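Observations on chain architecture
For reference, the chains in residue letters:
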Number of protein chains: 2
Amino acid sequence: MIRVFIIDDHPMVIEGIKSLLAQSSVAEICGSAQDGSTALEALKSIEPEVALVDINLPDLNGIDLCGMLKKQFPKIKVLGLSTFKERSYITRMISAGASGYLLKNASREELEDAITAAWRGQLYMSLEAAAILTKPAPDTPELPMLTAREKEILLLIAEGLTNQEIAEKLFISPLTVDSHRKNLLAKFGVKNTAAMVRFAIEFKLIEY
Amino acid sequence: MIRVFIIDDHPMVIEGIKSLLAQSSVAEICGSAQDGSTALEALKSIEPEVALVDINLPDLNGIDLCGMLKKQFPKIKVLGLSTFKERSYITRMISAGASGYLLKNASREELEDAITAAWRGQLYMSLEAAAILTKPAPDTPELPMLTAREKEILLLIAEGLTNQEIAEKLFISPLTVDSHRKNLLAKFGVKNTAAMVRFAIEFKLIEY
DNA sequence: TTTTTTCTACCGGAAAAAGGGGATTTTGCA
DNA sequence: TGCAAAATCCCCTTTTTCCGGTAGAAAAAA
């Protein structure tokens, strides 16, 4: 039996997966959490083989959580879980170290397949997710890899703060903020903040 | 026992609700469907007292389905079900005849409360949904009325063009563009372009 | 017809951002 | 331990935006 841990803020979904796997002979639920931080805490004692991670969590997003999970618990295979079949979600989840991407409309079979595949070390893609990854010509400009600090500053920029104000908030020099800003512009390949904010929202790097 | 029918395209959610209500003494699941048309078909024979309707369905959206349900089966009380707590969703669902709005992160108690309230003919709102509905003024910081020209310029600003470039594109003076920019900032009540772009996207004044 | 709004245009000055460098310390990871 | 990446700080120059006004012509509303 493959031990599975669920991280999703919706009790309904947690209960749903539990129920779907109740009579399963391949997987069993060993625990669940409704947000990232309690999940990270719980996983110290519970040691599942597979973790189902929702993309949308209250405290931190599933992609970041996936990265943290893989870092702290490299043995755990992570499966992305979401309602949305957006390309960027899937690719970012995979590049964060996930072993697959599962839509919430998955059937019991798909769920079991995904878990076993992940457990074996394979990469699982639901049919729909695979279709998205293989079909459309990716004319999408590569979304920049941002550091944690850059994300932080990008968020404050999008909120309308100036370098000076950001510097005060983060207790660093305005010059440093400006450096980050310049790096951000370079990474995004744009020439001013307005375009960058739009881009960042488009690629869901920042909330709004 | 209140008979409940679930319409949601996610088996996980259906199973979740079933599981949550398995030991319930107030409600029981009498059936489920994964899309609107099969639901309408199934409801001809099954006659539930309450229907849980997801906002996002593959064939038609939950709001339209709610309207059709209330028309064909006026006795059935409809409860909207969604991950999203967007104001428009809630209000549109209610005006379509729903007896309440339930978020998918609802607990067993909330679920039971919602079902019983709906069954009694009351209007149920989850705490979060109610919070959104009751504070309209602060929630909607009057989205600015923009003139056609202003929208045009806002769009170009969001694309990263400078006043100079916009002026060339529209065959007007850069000073004029700057005037519009200033008016836009004033209307949005923000102090720089970055914040304005974010606002504009938030209020769907510009696409991205 | 008067009034208001919108679009247009301008000025001077301050503030911030953008462009293009360089340099040092932390920190994570091999 | 030692490298590479990230974060930090600094310089200078130019460009652009922001702020505070003013103001005329045209179009729309009263």
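In short, a report on the structure. Computed from a prediction, not measured in an experiment: that's the story for all the values here.

Moving on to the protein's contact with DNA strand D. For DNA strand D, the set of nearby residues contains 18 residues, the closest of which are T147, S173, T176 and S179 of chain A together with K182 of chain B. Close to the protein, within 4 Å, the atoms of DNA strand D belong to sugar or phosphate groups at a rate of 65%. S173 of chain A has a polar backbone atom sitting 2.5 Å from a phosphate oxygen of DNA strand D. The separation between a phosphate oxygen of DNA strand D and a polar main-chain atom of N163 of chain B is 3.0 Å. Looking at the surface near DNA strand D, the elements that each hand over two or more residues are α7 (148–158) and α9 (174–188) of chain A together with α10 (174–188) of chain B. Across the surface near DNA strand D, the residue classes tally to four nonpolar, nine polar and five charged.

Quick look at the packing of helix α8 (residues 163–170) of chain A against α9 of chain A now. Residues and elements named next belong to chain A. The contact between α8 and α9 brings their axes to 8 Å, and the two run at 115°. One way to sum up the angle between α8 and α9 is to call them roughly perpendicular. Two packed elements cross with a definite hand, and for α8 against α9 that hand is right-handed. Contact residues: N163, Q164, I166 and A167 in α8; P174, V177, D178 and R181 in α9.

This paragraph deals with the protein's contact with DNA strand C. Taken together, the neighbourhood of DNA strand C is formed by 19 residues, with K182 of chain A together with T147, R149, S173 and T176 of chain B sitting nearest. Among all atoms of DNA strand C positioned within 4 Å of the protein, those belonging to sugar or phosphate total 67%. At a separation of 3.1 Å, a phosphate oxygen of DNA strand C approaches a polar backbone atom of N163 of chain A. The contact in question runs from a phosphate oxygen of DNA strand C to an N or O atom on the side chain of R149 of chain B, over 2.7 Å. Taken together, the elements giving at least two residues each to the surface near DNA strand C come down to α9 of chain A together with α8 (148–158) and α10 of chain B. Ranked by residue count, the leading element in the surface near DNA strand C is α10 of chain B, at five residues. When grouped by side-chain class, the residues that make up the surface near DNA strand C number four nonpolar, nine polar and six charged.

One frequently used descriptor of interface size is the decrease in accessible area upon assembly of the parts. At the junction of the two partners, chain B supplies 36 residues and chain A supplies 38 residues. The interface formed by chain B and chain A holds two salt bridges in total. The closest approach of N and O atoms between E165 of chain A and K191 of chain B, which form a salt bridge, is 2.6 Å. Across the contact surface, chain B and chain A share 10 residue pairs in polar contact (both at pLDDT 80 or more). For the side of chain B that touches chain A, the element with the most residues is helix α1 (residues 11–22) of chain B, which contributes eight residues.

Rules behind the numbers
Residues numbered from 1 in each chain as written. Chains lettered and ligands numbered in written order. Predicted model: local features only at pLDDT ≥ 70, side-chain atom pairs only at ≥ 80, totals over all residues. Heavy atoms only, no water. Near = heavy atom within 4 Å. Polar contact = N/O pair within 3.5 Å; in protein donor to acceptor, adjacent residues only side chain to side chain. Helix = DSSP H or I, 4+ residues; strand = E, 2+ residues; numbered from the N terminus. Nonpolar A, V, L, I, M, F, W, Y, C, P; charged D, E, K, R; others polar. Axes fitted to C-alpha atoms, helices over the stretch in contact; angles between N-to-C directions. Parallel < 35°, antiparallel > 145°, perpendicular 65-115°, else oblique. Left-handed = near helix turned anticlockwise from the far one by under 90°. Contact = heavy atoms within 4.5 Å. Salt bridge = Lys/Arg side-chain N within 4 Å of Asp/Glu carboxyl O.

Everything listed here is a matter of geometry and, on its own, says nothing about what the molecule does.
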